Amino acid sequence: MTVFDSPEFRSHQHVSFIHDEGAGLRAIIAIHKNGPQGAAGGIRMWSYANEEDALTDVLRLSRAMSYKLALAGIPMGGGKSVIFGNARTDKNPALLEAFGRAVERIRPRYVCGPDVGTTSEDMVAVRRATRNVRGLPGETGDTSPATGFGVYRAMKAAAANALGGDSLEGRTVAIQGAGAVARALATHLRSEGASMLVADIDAEAAAAFAERVGATVVPPDQILFQEADILAPCALGGILNDDSIPRLRCRVICGGANNQLAEARQGEALHTRNVLFVPDYVANAGGAIHATQAGPDFDDARAMAEVGGIYETCRRVFERAERDGTSPDVAADRMAEEVIASWG
Ligand code: PHE
C-alpha cells in the first residue's frame, strides 16, 4: 500500500496507524484539521477489503468532517477513525478500550463518538481510557435520532426550494438503507404524511423498517432509480456516480450517508440535470451538532433545536449557489472553507 501517495491526502494534519496486538485492534485515526477546540468525528467499524480502502475512507471522511463542523458553526476541525473488523463479531470492550487509549494519545485533542458500526453503548468502554468521547448513554446518547432529524429539516428546506413548498405531505421519499438514521428520519416523514419506499441489503431489516413506518420495500439495486420526489441515501458513500446519475428519477437528493458523490465533479452533473443535491455533510450534521453540545448543562431539547438550524443552513447554501451560479456542493465547500480560513 502506498500510504503517503494516497490521492485522498488533502493537507491532513495527522494520520495514526494503530496496532494493539493484545486487544486485537487495528485502526487508523485521521485528523484533517485541528480547529480552535481540537478535532471531532466518529468511529467507524467495518470489514474493509484491504488497508487501502480503509485509508481512503478515513481520509475522505475526516475531511468531510472539517467541512461539516465548520458549516454547522462548531469550532472544531474534522477527524475520523476506522477500526478494521466486523462490528457484529469482532467488537468487544477490550478492543474499544484499546482504541480509547489511542484516542487519548492524539495531540491536539481528538474527540470521538459513534458512527457506522459503533453505538452509544460502545462508547462506555472507550470512555475508560479517554474523556475525549461523546455520545455516551446518559449524556448526549445515540447520535442517530439527531442525524435523522437534521436530514428531515434539510429535506424540508430543499422542498421549499425545488418542490414549491416545504411541506412533505403526500411527497414520495425513496430511502436507501434501513439503519438507525433512516429509521429516525422515517418517523418524522411519517408524522408529516409522506409516503416512503425503502431498501436495504439486509432484507429482514428492510421488512421490519417497512412494517414499522408504513413504507414499501424495493430491491436494493432499484431504490436509486425509483420515481420519487426525494431520494434519501442513508447507507454508504459513492452511490452518485457516472452509472447511477443518468438513471435517477428524483427532483431532490437529501440523505444521511457521508460522501454520496463518487467524485466532486458529479455535483455539477446533478446540477445540470436539475436535481437539487443537498450536500451530504450539511444534511447529516445533526449527530455532530448534538454530540458536541455535551457538557454539564447539556439539554436535549436545546441541542435538537440547534440541529433544526440545518434548515436555515441549507437555505443559505442554496442562496449562495444561486448567487455564485454554481451547484450547492460547490457553494457549501466555499462557505466551509471561508469559516476554516477565519480560524487562521
Ligand atoms: N458520527 C457522526 C459524524 O461523524 C457523529 C459524531 C460527530 C460523533 C462528532 C462524534 C463526534 O458526523
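(A) Spatial organisation of the site of the ligand. Close to the ligand lie Gly-41, Gly-42, Met-65, Lys-68, Lys-80, Cys-112, Gly-113, Pro-114, Asp-115, Gly-287 and Ala-288. Lys-80 is positioned with one of its side-chain polar atoms (N or O) 2.9 Å from an oxygen atom of the ligand. The contact in question runs from a nitrogen atom of the ligand to an N or O atom on the backbone of Pro-114, over 2.7 Å. Mapped onto the shell around the ligand, the elements with two or more residues apiece are helix H1 (51–71) and helix H9 (286–291). A class-by-class count of the residues in the shell around the ligand yields 4 nonpolar, 4 polar and 3 charged.

(B) How the structure looks around the pairing of strand E10 (residues 230–233). Neither face of E10 is left uncovered, since the one carrying Ile-230 and Ala-232 and the one carrying Leu-231 and Pro-233 both have all their residues buried. Looking at chain direction, E10 and strand E11 (residues 252–253) are connected through 2 bridges and run parallel. Counterpart to Leu-231 in the pairing with E11 is Ile-253.

(C) Examining the pattern of salt bridges more closely. Enumeration over the complete set of coordinates arrives at 18 salt bridges. Of the charged contacts in the structure, one is a salt bridge between Glu-227 and Arg-249, with a shortest N-O distance of 3.5 Å. Of this pair, Glu-227 sits in the loop between strand E9 (216–217) and E10 while Arg-249 is found in the loop between E10 and E11, placing the two residues 22 residues apart along the sequence. For Asp-242, the salt bridge goes to Arg-265, with nearest N and O atoms at 2.9 Å. Placement of Asp-242 in the loop between E10 and E11 and of Arg-265 in the loop between E11 and helix H7 (266–272) is noted, with a sequence separation of 23 residues between them. You can call Asp-242 partly exposed: its relative accessible area is 48%. In this structure, a network of salt bridges that share partners links the residues Arg-44, Asp-57, Lys-80 and Asp-115.

Rules used in this analysis
- Residues numbered from 1 in each chain as written.
- Predicted model: local features only at pLDDT ≥ 70, side-chain atom pairs only at ≥ 80, totals over all residues.
- Heavy atoms only, no water.
- Near = heavy atom within 4 Å.
- Polar contact = N/O pair within 3.5 Å; in protein donor to acceptor, adjacent residues only side chain to side chain.
- Helix = DSSP H or I, 4+ residues; strand = E, 2+ residues; numbered from the N terminus.
- Nonpolar A, V, L, I, M, F, W, Y, C, P; charged D, E, K, R; others polar.
- Buried < 20%, exposed > 50% of the residue type's maximum accessible area, 1.4 Å probe, protein only.
- Pairing = 2+ DSSP bridges.
- Salt bridge = Lys/Arg side-chain N within 4 Å of Asp/Glu carboxyl O.

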